[in-house]
Amino acid sequence: MKYDFQKVIGNFKITGRVVSCERYGEGHINETYLAVVENEGVQTKYILQKINKNLFKEVDKLMNNIRLVTEHTRKKIAERGGDPDRESLSVVYARDGKPYYYSEEYDEYFRVYIFITDAIAHQKEERAGQFYQSAVAFGEFANMLADFDASQLYEVLPDFHNTAKRFNDFKASLAADKLGRAAGVQEEINFVLEREKYCKSLVNLIKTGQMPLKVTHNDTKLNNVMLDEKTDKPVAVIDLDTVMPGTICYDFGDSIRFGCNTAAEDEKDLSKVNFNINLFEEYTKGYLSSLGESITQVEKDNLAFGAILMTYECGMRFLADYLDGDIYFRTHREGHNLDRARTQFKLVSDMEKCLDKMKGIVNKY
Ligand code: ADP
Ligand code: GN1
Ligand code: MG
């Protein structure tokens, strides 16, 4: 689908001519574009996103969350003498004052963010220390939101990391087996079913009030952090669609899931997919040092397990989507979600073998 980008951008508080607007980044959910706008000889970059309306049914509430969170982080950054346009995700408002624009012509929702300059969202660690810096970024992000009133937030995707609910959804996909794919992936299905016991553990700790709920990011992949392109220092945390009440074990675990993989999330050759415990140590060090004193014993006790849980959950979601016919995660090839599920299960197996070591590392820091 081609859009008239001049028209779309023209509905935001942006003056000038769109010189280019190309697909950008590697997110699985929204459609992201890099828009370059020229005004009086000066070119400015913006991130334009077509919001995934199949997933986000209440865009108004979603964008209100993002507006509130980014107003909060921008204020904090200004107070510490930083540059809010670069160190926070920043919403560019539509001409009608809304934090998004609904196009009747396309029946689509668009939003625009200030482009975070001289920074990169890495798909994997390219230089030693980058993963550590991403941990510092997420720790600082959690700190900035520690005094944010969570009751203002609308729960955009309820039960997002409710693994027990995800397990039931998985079983429903399996029972439906819409495309008859289940027969070909019995091994992967069994891998999920054999680990049902994982599903309720954190959910129950939250239910009984033992695990504190905090404002968390819930999608803490390395490519949702921008690092300075020269120094690798953390610049900003992005992709705030899933900011909701959650536990830090989810945030920690999801970072480990993505960042401690020696290969890509969708690597076909599983011999390349290994859990790197040195990276685990780097991340733990960075996250716990920037998180400070607010962490409780229950949280500490469950950080390492959180990594297994988030990886298992994500693998289960990829496999469910494969069974459903690839309707949730954007895919680029045949069997893409199955390949992704397999990498996650390989990582789960690796982590299960060294859970005690992982716990030891958490205790060390
Ligand atoms: P998705 O929800 O689909 O993952 P993201 O919001 O994470 O979408 O954006 C996808 C990619 O676009 C990011 O990984 C990053 O490379 C780039 N990106 C997003 N927002 C910005 C921004 N404000 N400045 C620069 N790059 C950005
Ligand atoms: C999606 O939006 P993106 O690509 O950063 C997904 C995460 C998964 C991740 C797997 C809203 O993240 O939950 O862990 O893919 N986001 C949503 O790569 O479902
Ligand atoms: Mg993203």
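So, how was this worked out
Residues numbered from 1 in each chain as written. Chains lettered and ligands numbered in written order. Predicted model: local features only at pLDDT ≥ 70, side-chain atom pairs only at ≥ 80, totals over all residues. Heavy atoms only, no water. Donors = N, O, S within 2.8 Å, 3.2 Å for Na, K, Ca; no water. Helix = DSSP H or I, 4+ residues; strand = E, 2+ residues; numbered from the N terminus. Buried < 20%, exposed > 50% of the residue type's maximum accessible area, 1.4 Å probe, protein only. Domains from an automatic or database assignment. Contact = heavy atoms within 4.5 Å. Buried area = accessible area lost by both parts, 1.4 Å probe. Salt bridge = Lys/Arg side-chain N within 4 Å of Asp/Glu carboxyl O. Nonpolar A, V, L, I, M, F, W, Y, C, P; charged D, E, K, R; others polar. Near = heavy atom within 4 Å. Polar contact = N/O pair within 3.5 Å; in protein donor to acceptor, adjacent residues only side chain to side chain. Phe/Tyr/Trp six-rings, centres within 6.5 Å; stacked < 30°, edge-to-face > 60°.

(A) Fine view of the coordination of the magnesium ion (ligand 3). Summarising the metal site, the magnesium ion (ligand 3) is bound by the protein donors Asn-224 (OD1) and Asp-239 (OD), whose distances to it range over 2.2 to 2.3 Å. Taken together, the residues Asn-224 in the loop between strand S8 (214–216) and strand S9 (225–228) and Asp-239 in the loop between strand S10 (234–237) and strand S11 (244–246) connect sequence positions 15 residues apart. Exposure remark for Asn-224: the relative accessible area of 5% places this residue in the buried category. The partly exposed category is assigned to Asp-239, whose relative accessible area is 26%.

(B) Region of the structure containing the domain arrangement of the chain. By the assigned domains, the chain splits into domain 1 (5–117) and domain 2 (130–364). Taken together, the contacts link 28 residues of domain 1 with 27 residues of domain 2. Roughly 2,500 Å² is buried in total at the junction of domain 1 and domain 2, and carbon and sulfur atoms are behind 61% of that figure. For the domain 1 face of the interface with domain 2, the top three residues by lost area are His-28, Asn-65 and Val-69, together amounting to 26%. The partner of Arg-86 in a salt bridge is Asp-228, with the nearest N and O atoms 3.0 Å apart. Elements that contribute at least two residues to the side of domain 1 that touches domain 2 include exactly helix H2 (59–79) and helix H3 (84–87). Classifying every residue of the side of domain 1 that touches domain 2 gives 10 nonpolar, 8 polar and 10 charged.

(C) Main features of unusual backbone geometry. Despite not being glycine, Asn-218 shows a phi value in the positive range, around 75°. Mapped onto the fold, Asn-218 is located in the loop between S8 and S9. Looking at Asn-218, the relative accessible area reads 4%, which means it is buried. Of note in the backbone geometry, Asp-239 takes a positive phi value of approximately 55° without being a glycine.

(D) How the structure looks around the site of ligand 1. Not every one of the 20 residues close to ligand 1 is listed here, only the nearest: Asn-30, Gln-49, Ile-116, Asn-223 and Asp-239. Contacts to ligand 1 include Asn-30, whose backbone N or O atom sits 2.9 Å from an oxygen atom. One nitrogen or oxygen atom from the side chain of Gln-49 is found 2.9 Å from an oxygen atom belonging to ligand 1. Looking at the shell around ligand 1, the elements that each hand over two or more residues are strand S3 (42–50) and strand S6 (108–114).

(E) Seen up close, the packing of aromatic side chains. Across all of its chains, the model carries 19 aromatic pairs by this definition. With a centroid separation of 4.8 Å and an interplanar angle of 40°, the aromatic rings of Phe-131 and Tyr-283 are classed as tilted. In this pair, Phe-131 is assigned in helix H4 (residues 130–144) and Tyr-283 in helix H9 (residues 277–291), connecting sequence segments 152 residues apart. Between Phe-252 and Tyr-283, the aromatic rings sit 5.8 Å apart at their centres with planes inclined by 65°, giving edge-to-face as the arrangement. Placement of the pair is Phe-252 in helix H8 (residues 248–259) and Tyr-283 in helix H9, with a sequence separation of 31 residues. Note on Phe-252: relative accessible area 0%, which makes it buried.

(F) Inspection of the environment of Met-351 at higher detail. With respect to the helices and strands, the residue Met-351 is situated in helix H11 (residues 336–353). Considered as a pair, Met-351 and Gly-246 are 105 residues apart in the sequence and their alpha carbons are 23 Å apart. Residues within four places of Met-351 in sequence aside, it is in contact with Ile-256, Phe-275, Ala-307, Ile-308, Thr-311 and Met-358.

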